[in-house]
Amino acid sequence: MATDSWLNETLYPGWGQRFRVTRELARVQSAFQDIVVFESESHGRVLVLDGAIQITEGDEFVYQEMLTHVPLLAHGNAKRVLIIGAGDGGVLRRVLEHSTVEKAVMCEIDGEVVRLSKEFLPGIAGDAWSNPRGEVIIGDGIDYVRRAPDASFDVIIVDSTDPIGVGEVLFTDEFYQNSARILTDGGLIVNQCGVPFMQADELRETSLRRRQFFPHVGAYVAAVPTYVGGFMTLGWAAKQPSIASVDVATLRTRAETAGILGTTQYWTPEVHHAAFQLPPYIAKHLPA
């Protein structure tokens with residue numbers, strides 16, 4: 001039943017969105033951030049961190065599929081995947097859907113996000129939490145990357161908050177330098193770079209940072225309804241140039257081999273290929 005209770009997102013000072021709350025499920029101040037989980041009238045259950053919408057049951061598939069399937073299928077032979085953040089378990093689930101992945105390590109700093117997601121958002125991760133190919137670490141992803149051996153992962157997926165507060169350390173020179181070191185020769189790293197209509201600095205500055213340690217840097221787009229402001233950019237940095245130009249037929253073959261073809265709600269080989277074709281208002285913020 002509808003109520004007159006609303007949650008207003010506080011991501012931007014002068015513009016936002018609001019959700020009608022049918023039921024608040026949890027409100028926790030963890031050691032790192034303020035966490036709210038509520039039932040919405042329109043988008044199912046919603047996870048909010050420090051006032052910013054992180055994920056909703058209604059449209060999480062867009063973000064999770066594009067953050068996961070694009071790097072894994074662009075790589076083409078990813079066996080070991082490192083996930084940093086992603087405490088709701090949705091990225092872990094999508095990575096493990098690839099039968100070709102042998103090991104996925106997920107490192108989330110805030111155990112409360114994992115606990116609350118397991119309790120109130122179980123459909124997002126599905127059975128990923130108990131999959132033997134997955135390893136979940138409650139700990140500092142920066143420290144994990146610092147200590148990981150050279151060339152120990154094929155793909156790194158960073159699912160973090162914006163580069164403020166708890167997420168800020170995931171956008172530093174040291175982090176990207178270590179990421180390059182622990183990736184294999186054909187490896188790549190992907191992370192969300194915000195909505196460039198409102199957060200162009202995020203895309204521009206993180207791309208310049210990554211460019212110091214990776215020869216090939218760019219971005220691709222996804223339209224996630226609850227990340228207001230038009231296209232969200234997902235920034236990638238790779239050791240090989242071919243990552244951004246895999247043809248549709250190859251992507252289809254790889255997806256079939258991995259076992260995900262026909263299982264997705266947003267990702268397709270055609271959408272994947274087109275996502276790298278950036279509108280000029282976004283492309284201008286990338287290094288030449």
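Described below are features of the structure shown in this document. It should be emphasised that the depicted structure is a prediction, and the values quoted were computed from it without experimental measurement. (Residues numbered from 1 in each chain as written. Predicted model: local features only at pLDDT ≥ 70, side-chain atom pairs only at ≥ 80, totals over all residues. Heavy atoms only, no water.)

**Focus: the packing of aromatic side chains**
Overall, the coordinates contain 7 aromatic pairs when judged by the stated rule. The interplanar angle of 15° and the centroid separation of 6.3 Å between the aromatic rings of tyrosine 12 and tryptophan 15 together place this pair among those described as stacked. The class of tyrosine 12 is buried, set by a relative accessible area of 11%. Aromatic pair tyrosine 144 and phenylalanine 153: ring centres 6.3 Å apart, planes at 55°, arrangement tilted. (Phe/Tyr/Trp six-rings, centres within 6.5 Å; stacked < 30°, edge-to-face > 60°. Buried < 20%, exposed > 50% of the residue type's maximum accessible area, 1.4 Å probe, protein only.)

**Things to note about the pattern of salt bridges**
Summed over all chains, the structure comprises 17 salt bridges. With a shortest N-O distance of 3.8 Å, glutamate 39 and arginine 23 are connected by a salt bridge. Of this pair, glutamate 39 sits in strand β3 (residues 34–40) while arginine 23 sits in strand β2 (residues 18–29); the two residues are 16 residues apart in sequence, bridging distant segments of the chain. A residue is classified by how much of its surface remains accessible, and arginine 23, at 45% relative accessible area, is partly exposed. Put simply, arginine 209 and aspartate 173 hold a salt bridge, and the shortest N to O gap is 2.9 Å. In this pair, arginine 209 sits in helix α7 (residues 196–211) while aspartate 173 sits in helix α6 (residues 173–182), placing the two residues 36 residues apart along the sequence. The partly exposed category is assigned to arginine 209, whose relative accessible area is 32%. Each of Asp143, Arg146, Arg147 and Glu174 takes part in one network of salt bridges that share partners. (Salt bridge = Lys/Arg side-chain N within 4 Å of Asp/Glu carboxyl O. Helix = DSSP H or I, 4+ residues; strand = E, 2+ residues; numbered from the N terminus.)

**Focus: helix α8 (residues 248–258)**
All buried positions along α8 are accounted for by Leu251, Ala255 and Ala258. Buried residues of α8, seen end-on, are gathered within an arc of 65° and therefore sit on one face of the element. Counted as exposed and oriented over 90 degrees from the buried face of α8: Glu256 and Thr257. The opening residue of α8, the one whose side-chain oxygen lies 3.2 Å from the backbone nitrogen of alanine 249, is aspartate 247. Where α8 terminates, the next one or two residues include glycine 259, which has phi positive at roughly 90°. (Arc of directions from axis to C-beta. Polar contact = N/O pair within 3.5 Å; in protein donor to acceptor, adjacent residues only side chain to side chain.)

**Re the sheet that holds strand β8 (residues 134–138)**
Taken together, 7 strands build an open sheet; the order of strands is β8-β7-β6-β9-β10-β12-β11 and the sheet is mixed. The open sheet is flanked by β8 and β11 (216–222), the only strands paired with a single partner. Strand-to-strand, the axes of this sheet are offset by a mean angle of 15°, without reference to chain direction. Bridge count for strand β9 (residues 153–159) against strand β10 (residues 183–192) is 5 bridges, and the pairing is parallel. Bridge assignment links isoleucine 157 to a residue of β10, and that residue is valine 190. The sheet strands contacting helix α1 (residues 60–75) are β6 (80–85), β9, β10, β11 and β12 (232–238), and the helix crosses β9 at an angle near 160°. Of the strands in this sheet, β6, β9 and β10 are in contact with α6, which crosses β10 at around 140°. (Pairing = 2+ DSSP bridges. Axes fitted to C-alpha atoms, helices over the stretch in contact; angles between N-to-C directions. Contact = heavy atoms within 4.5 Å.)

**Focus on the nonpolar core**
Grouped together as the largest cluster of nonpolar side chains are 59 residues, with contacts concentrated most on Val81, Val95, Tyr220 and Leu234. Contacts of valine 95, omitting those with residues within four sequence positions, involve Thr68, Leu72, Val81, Ile83, Val101, Ala104 and Ile157. By size, the runner-up hydrophobic cluster in this structure holds 20 residues, among which are Val105, Ala148, Ala180 and Ile189. (Core = buried A, V, L, I, M, F, W, Y, C linked by side-chain atoms within 4.5 Å.)

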